[in-house]
Structures are given as C-alpha cells and as structure tokens.
Amino acid sequence: DLGVAMTALEMAEMDSLVGDRLDPLLRKRIHDELDRRCFRPYLIRHDHWWLYQDEGRAANWTAVCNAGIVGAALHIEKDPARLADILARCAHSLDGYIQSFDPDGGCSEGPGYWEYGFGYYTILADLVDWRTEGAVDFLAGEKMRKVAAYPLHTLLSPDVCVNFSDCDADVRFSQSILTYLAGRLDLPALYSLAARQPKFHRQSNFSYAIRELFWALPGNTDEQLMLNRHDWFGNMMWMLARYEPENPDTLVLAAKGGSNFEMHNQNDVGNFIVHVKGESLIPDLGRGRYTKQYFGPERYDHFVNSSIGHSLPVPNGMLQSNGPDFAAELIEHRVTEREDTLITDIAGAYPTEAGLSSLRRTLTLHREAPS
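In what follows, the accompanying structure is described. (Residues numbered from 1 in each chain as written. Predicted model: local features only at pLDDT ≥ 70, side-chain atom pairs only at ≥ 80, totals over all residues. Heavy atoms only, no water.)

**Section: a nonpolar patch on the surface**
Move 1: On the surface, Leu285, Phe303, Ile308, Val314 and Leu319 cluster together into a nonpolar patch covering about 420 Å² of accessible area.
Move 2: Following the sequence through the fold, Phe303 ends up in the loop between β8 (279-282) and β9 (323-327).
Move 3: Taking the relative accessible area as the measure of exposure, Phe303 reaches 47% and is therefore partly exposed. (Patch = residues over 30% accessible without salt bridge, like charges linked within 9 Å, V, L, I, M, F, W, Y side chains within 5 Å. Areas by Shrake-Rupley, 256 points an atom, 1.4 Å probe, with all protein chains shown as cover. Salt bridge = Lys/Arg side-chain N within 4 Å of Asp/Glu carboxyl O. Helix = DSSP H or I, 4+ residues; strand = E, 2+ residues; numbered from the N terminus. Buried < 20%, exposed > 50% of the residue type's maximum accessible area, 1.4 Å probe, protein only.)

Here it is in structure tokens:
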C-alpha cells in the first residue's frame, strides 16, 4: 500500500507538470491506473487497516497512504463531488493519525517515522490548502505546531536522535519539509535544524525532490541549533534532560515509561539512554532487520524487541510482555534547579508470573557541579 500510494502521487505530479507533452495514450494510462488502483478502492472498500483505527492506534501508514492517494486525486480528479468524498474520508482518517500523537506533540514511533509519516502529511496539507484556496487547513491549531516541532525535542546531540521503538539514531530529516513547516507555522528553530540536513536526501522520490527546489531555506538562516534544557512528553512518559543544552557535547539522559502497546512497539517500558559527546554510552539498540518474522508472531523473540535487549531488570527471570495491559505507572516527573527526575512503577509491564507488587525505577540527571 505504501508503494502504491507514493507512486500514485509521483505519477500525478509528473502528469500535472508535463502531462500535456506526453503521448495521449500514456497520459490516459496514468489516469486510468490511478483510478483503478487508488481512487475506486479508496472510496468503496473498508478493509484497509490503515484507514480507520481505534483512537491512538493510527501509524505512519495512515499518513503516507492518505497523502499519496488523496494528493494524486487533488491533482487530477475533475469531478468535484467525487473529490469532496475523497477529502471527507481522508479528513476523518487523518483525525485518527493526529490523535495518535501525544498532547505535547510526541510520536511514539520515534523521529524517523515522524519524518516519514508527518512529512507526507505536510505535503498533503499543502496540496489541500492549494486546491481549496485556503478553505481547508490540515495544519491549523496549536497541537499541529507541537507535532511539527517534535524533532527539535528528540535530539540527544545535534545529529543524533532518541531511538526508542523501531527508530534509528542517525535520522536525517527532509530539509524542505522542515523549511516549509518553519515558515507556515512560525517555528524559526526548525530552520536551524533544516540547515543541518543534507539537501536532496530523498532524491529517488520525485515528490520530495521537487519540493527541495521550491521549499528552500531562506538565505539568512541562523545555523546555531539551540536545544531545550528539558523536554517532556506526558502521555508517552518520555523525558529528555540536558546538562548544558548550549553545549553540543553535553551529558543527556533520555528516559521513558510508556506502554508495550505502542506503534512499532518494543518491550521497553522503563528504558533509558545516557548520551555524551555525540555517543550513547548506554544506548537503545534501535530497530532490527525488517523481515516478515520481525512483524509477525515471533516479533518479541528478536533480541532488540524484547526487554532483555534493553537496560531493564529481569525480575524472577521474567521478561516484559506486550499488549495494552502492560504499561508503566507514572509516579513522579520532577524538574528543579538541582535535578531532573522521572519515577515510574514498571511492575505492570511484567506478567503475573514475575510475582511483582511494585517495581519502581528512578532515573535522574543531577545538576550539581562535579566534585
């Protein structure tokens, strides 16, 4: 589905740009295939798992598939009633996608999947704004500004991200997407992050590459990237504490509570990362190799997905379990001049066979000067 949707948008945008120069039979084929493979199934079928999900369970697929199909329709669909039906279905589906973000803007899938999913969401939002002449705004509201700013709050050092869940540490963001969001939502700090990204990092993808040409950084961008002293995503229970945020080599503690029912979940309730001088001394291993088995019943047999693959206790020889019932309880989140602390009870992440009534984990970044 992802491949079809991304190809659909590329074909529609190429057709929009140079369609009048193509062989008429080729252009007709493009339109016929978009209708057969995308528009008709999108309107009449209800078995696309990514289209409608329970609250909080939508994933990057929801954004990418909607953006590809609906973005293509915005370019070539001539029937306004049919296009309105497509947009209505899309708006309902993407409401679920936005609900999957923490109220503080966090994405439990991690920065890499923010880049993929919300990147395509941004492209679609721009196309909707263009086609409706500003009447429909998919980027309106304070929560959208928080979601757009999420990458800024996930950096351990200027080029290394928190890699909880199936996420890589060396995420490279789209310069064009960050630039567009910075200007559209008045988030100037995103310009500084954008300036650190490679240009045309998705050059194999036409829809991204064409935007790199037009969503360009302003000439006076300040490349000094300033991170926060402390970042917190309440529902996900993610805390990032930086000892000296103005120092790119500073000591950083990233800690999480959360649940073992997240999208791209790993059984990592209570996990943490210690990072200094651009290196994670106590790391999260990130994602494993993507295979059919990796996303099947054997998922938690993979070392990187099980709790034994994280910095977590093994009480009475038991590992954490996955599912909605296995989660942390937030005991305290405290920020003072002397320390930043996250206290969670992670007993609920383990099966009853572990024999736990309570298992509290306290993770603190101390701010006292070294003695």
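Resuming the write-up.
**Thoughts on the pattern of salt bridges**
Move 1: Considering all chains together, one arrives at 23 salt bridges under this definition.
Move 2: Salt-bridge contacts for Glu33 lead to Arg36; the nearest nitrogen and oxygen are separated by 2.8 Å. Here the residue Glu33 and the residue Arg36 both occupy positions in helix α2 (residues 24-44), the gap between them amounting to three residues, near one helical turn.
Move 3: Judged by its relative accessible area of 19%, Glu33 falls in the buried class.
Move 4: Within this structure, Arg29, Glu33, Arg36 and Arg37 form a network of salt bridges that share partners.

**A look at the sheet that holds strand β10 (residues 329-335)**
Strand pairs in the sheet, formed through backbone hydrogen bonds, run parallel or antiparallel to each other.
Move 1: Here three strands make up an open sheet; going across it, the order is β10-β11-β12 and the pairing antiparallel. With one partner strand each, in any of the chains shown, β10 and β12 (360-366) form the two edges of the open sheet. Each strand of the sheet is rotated relative to its neighbour by a mean of 5 degrees, with strand direction disregarded.
Move 2: Pairing analysis gives six bridges linking β10 to strand β11 (residues 339-345), with the strands arranged antiparallel. If you follow Leu330 over to β11, its bridge partner there is Thr344. (Pairing = 2+ DSSP bridges. Axes fitted to C-alpha atoms, helices over the stretch in contact; angles between N-to-C directions.)

**What about the nonpolar core?**
Move 1: Judged by nonpolar contacts, the single largest core of 82 residues is most densely connected at Trp114, Phe118, Tyr121 and Leu181.
Move 2: If you tally residues by element for this core, the top one is helix α5 (residues 111-131), at eleven residues.
Move 3: When sequence neighbours within four positions are dropped, the list of residues in contact with Leu181 reads Trp114, Phe118, Thr122, Leu139, Ala148, Asp186, Leu187 and Leu190.
Move 4: Of all hydrophobic cores here, the second largest spans nine residues; its members include Ala241, Phe272, Val274 and Leu363. (Core = buried A, V, L, I, M, F, W, Y, C linked by side-chain atoms within 4.5 Å. Contact = heavy atoms within 4.5 Å.)

**So, the side chain of Arg367**
Move 1: By secondary structure assignment, the location of Arg367 is in the segment after β12.
Move 2: For Arg367, a relative accessible area of 10% corresponds to the buried category.
Move 3: Within the structure, Arg367 has its side chain in polar contact with the backbone oxygen of Arg242 (distance 3.0 Å).
Move 4: Among the polar contacts listed, one links the side chain of Arg367 to the side chain of Asp340, at a separation of 2.8 Å.
Move 5: When near neighbours in sequence (up to four residues on either side) are disregarded, Arg367 contacts Arg229, Ala241, Arg242, Tyr243, Thr336, Glu337, Arg338, Glu339 and Asp340. (Polar contact = N/O pair within 3.5 Å; in protein donor to acceptor, adjacent residues only side chain to side chain.)

**Things to note about the pairing of β12**
Move 1: The alternating pattern of β12 places Arg361, Leu363 and Leu365 on a buried face, while none of Arg360, Thr362, Thr364 and His366, on the opposite face, is buried.
Move 2: Alignment of β11 against β12, held across seven bridges, turns out to be antiparallel. In the strand pairing of β12, Glu339 is matched with His366.

**Regarding α2**
Move 1: Taking 1.5 Å per residue, 21 residues should reach 30 Å; α2 reaches 28 Å between its end C-alpha atoms and fits that length.
Move 2: Where α2 bends most, at Asp35, the angle is about 40 degrees.
Move 3: The secondary structure elements touched by the buried residues of α2 are α1 (2-18), α3 (60-76) and α4 (80-99).
Move 4: The opening residue of α2, the one whose side-chain oxygen lies 2.8 Å from the backbone nitrogen of Leu25, is Asp23. (Expected span 1.5 Å × (residues − 1). Bend = angle between axes of the 7 residues up to and from the residue.)

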